[in-house]
Amino acid sequence: LKHLGLMANYYSYNYTTTQPDILNGNINASAYLVDFGVGGYYAVGGGKIKMVVDMYGGWGLGNIRSDINADVTKMFLQPGIGMRSPWFDVAFAPRIVNLGYSNFSANGHDLAYLESKGLLEPGGSRIDQRRYTFFEPSITMRAGYKFAKVQLQYVLSAPMSAMSWHHSPGRFSVGFYFSVEDVVSTIRNAKPGQ
């Protein structure tokens, strides 16, 4: 268990408009995605600065509520390499993601509308009738002290599957990083005689 790693992420999106325009895509929308991962890591180097290599696999779920409704499932494999110190961390992770949609509802829209938004594949199948793979390399930076750090992350998103629907080619997130291992280590090092 010494090199076991766990991760959890939560993403959300909300948009509200006072002037809805369905044809131009200006409508109320909300989405969320939560994912969990398990893996391992190995730190190389002595002293306060260490090189870390890791590998995680995981699963997630969420939903989209907008001009259409759908549930989302996600699987991922994420290797990574980075540098850790008590004050600053930086890491690169070339994640492979596989997404699937289910419980699709067109919310009363006809096939022509779905096709105009890229929600029907050229063969006529809806987006919930197959899965999509993405390459998502990311850069993550953390600053703070030991076990509590503010995290900034930028993720590029390149489709590896042919698809007709619009996706965001990148995203930026801000979060909070908390390391249980570093808390335990700090407490042990603070106790005299241990």
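Up top you'll find the structure we're talking about.
One numbering rule holds for all chains: residues counted from 1, following each sequence as written. With pLDDT at 70 or above as the cut-off, local features in this predicted model cover only qualifying residues; side-chain atom pairs require 80 or more to be listed or tallied, and sums for whole chains, interfaces and linings still use all residues. Side-chain measures here rest on the full set of heavy atoms in the structure, leaving out hydrogens and waters.

## Thoughts on the packing of aromatic side chains
How we decide: Two aromatic rings from Phe, Tyr or Trp, using only the six-membered ring of Trp, form a pair when their centres are within 6.5 Å; if the ring planes differ by under 30 degrees the pair is stacked, by over 60 it is edge-to-face, and anything between is tilted. Put simply, DSSP marks the helices as runs of H or I at least four residues long and the strands as runs of E at least two long, and each gets a number from the N terminus on. Three exposure classes are used, based on accessible area relative to the maximum for each residue type with a 1.4 Å probe and protein chains only: buried under 20%, partly exposed in between, and exposed over 50%.
Tallied over the entire structure, the rule returns 6 aromatic pairs. Taking the centre distance of 6.4 Å and the plane angle of 65° together, the rings of Y101 and Y132 count as edge-to-face. Residue Y101 is found in strand 5 (residues 88-105), and its partner Y132 is found in strand 6 (residues 131-145); the two are separated by 31 residues along the sequence. For Y101, a relative accessible area of 11% gives the class buried. An angle of 90° between the planes, with centres 5.3 Å apart, marks the rings of Y132 and W165 as edge-to-face. Residue Y132 is found in strand 6, and its partner W165 is found in the loop between strand 8 (158-159) and strand 9 (170-178); the two are separated by 33 residues along the sequence.

## Topic: the nonpolar core
To be explicit about the condition: Take the buried Ala, Val, Leu, Ile, Met, Phe, Trp, Tyr and Cys residues and link them wherever side-chain atoms come within 4.5 Å; each set so joined is a nonpolar core. Should any heavy atoms of two residues lie within 4.5 Å, those residues are considered in contact.
Ranked by internal contacts, the top residues of the largest apolar core, which has 22 residues, are Y101, F104, L114, I127 and W165. Counting only elements with at least two residues in this core, the list comes to strand 2 (29-44), strand 3 (50-65), strand 4 (69-84), strand 5, helix 1 (111-116) and strand 6. With 4 residues, strand 5 is the single largest residue contributor to this core. Those residues within four positions of I127 in sequence are excluded, and the remaining contacts are Y101, F104, G118, L119, E121, Y132 and W165.

## Points about the side chain of R95
For the record, the criterion: Side-chain atoms alone can form a polar contact between residues adjacent in sequence; in general such a contact is a pair of N or O atoms within 3.5 Å, and within protein one must be able to donate a hydrogen while the other accepts it.
Position of R95 relative to the elements: it lies in strand 5. R95 sits in the buried class, given a relative accessible area of 8%. A polar atom in the side chain of R95 sits 2.6 Å from the side chain of Q78. Setting aside its immediate chain neighbours within four residues, R95 contacts M7, N9, D35, K74, F76, L77, Q78, F134, F135, E136 and P137.

## Focus: the pairing of strand 7 (residues 148-156)
Put simply, the rule reads: Here a strand pair is declared whenever DSSP counts at least two bridges between the two strands.
Residues K149, Q151, Q153 and V155 line the buried face of strand 7, whereas the alternating positions A148, V150, L152, Y154 and L156 sit on a face that is not buried. One ladder, built from 8 bridges, connects strand 6 with strand 7; its direction is antiparallel. By the bridge assignment for strand 7, A143 is matched with V150. Taking the residues between adjacent antiparallel strands as the criterion, strand 6 and strand 7 are bridged by 2 residues, where K146 takes a positive phi near 55°. The pairing of strand 7 with strand 9 spans 9 bridges and is classified as antiparallel. Within strand 9, the position partnered with Q151 by the bridge is G175.

## Notes on the pairing of strand 6
Where strand 5 and strand 6 come together, 13 bridges link them in antiparallel fashion. When the bridges of strand 6 are listed, A91 appears paired with T140. In this structure, strand 6 lies alongside strand 8, joined through 2 bridges in antiparallel fashion. By the bridge assignment, F134 is partnered in strand 8 with P159.

## Here we look at the pattern of salt bridges
Heads up, the condition is: Salt bridges are counted wherever a side-chain nitrogen of Lys or Arg sits within 4 Å of a carboxyl oxygen of Asp or Glu.
Under the counting rule described, the total for this entry stands at 7 salt bridges. In this structure, the salt-bridge partner of E136 is R171, at a minimum N-O distance of 3.3 Å. Within this pair, whereas E136 is found in strand 6, its partner R171 is found in strand 9, the two being separated by 35 residues in sequence. Assessed through its relative accessible area of 8%, E136 is described here as buried. Looking at R171, the relative accessible area reads 30%, which means it is partly exposed.

## Overview of the environment of Y13
Looking at the secondary structure, you find Y13 in strand 1 (residues 4-15). Separated by 18 residues in sequence, Y13 and A31 have C-alpha atoms that sit 5.1 Å apart. Apart from residues lying up to four places away in sequence, Y13 is in contact with A29, S30 and A31.

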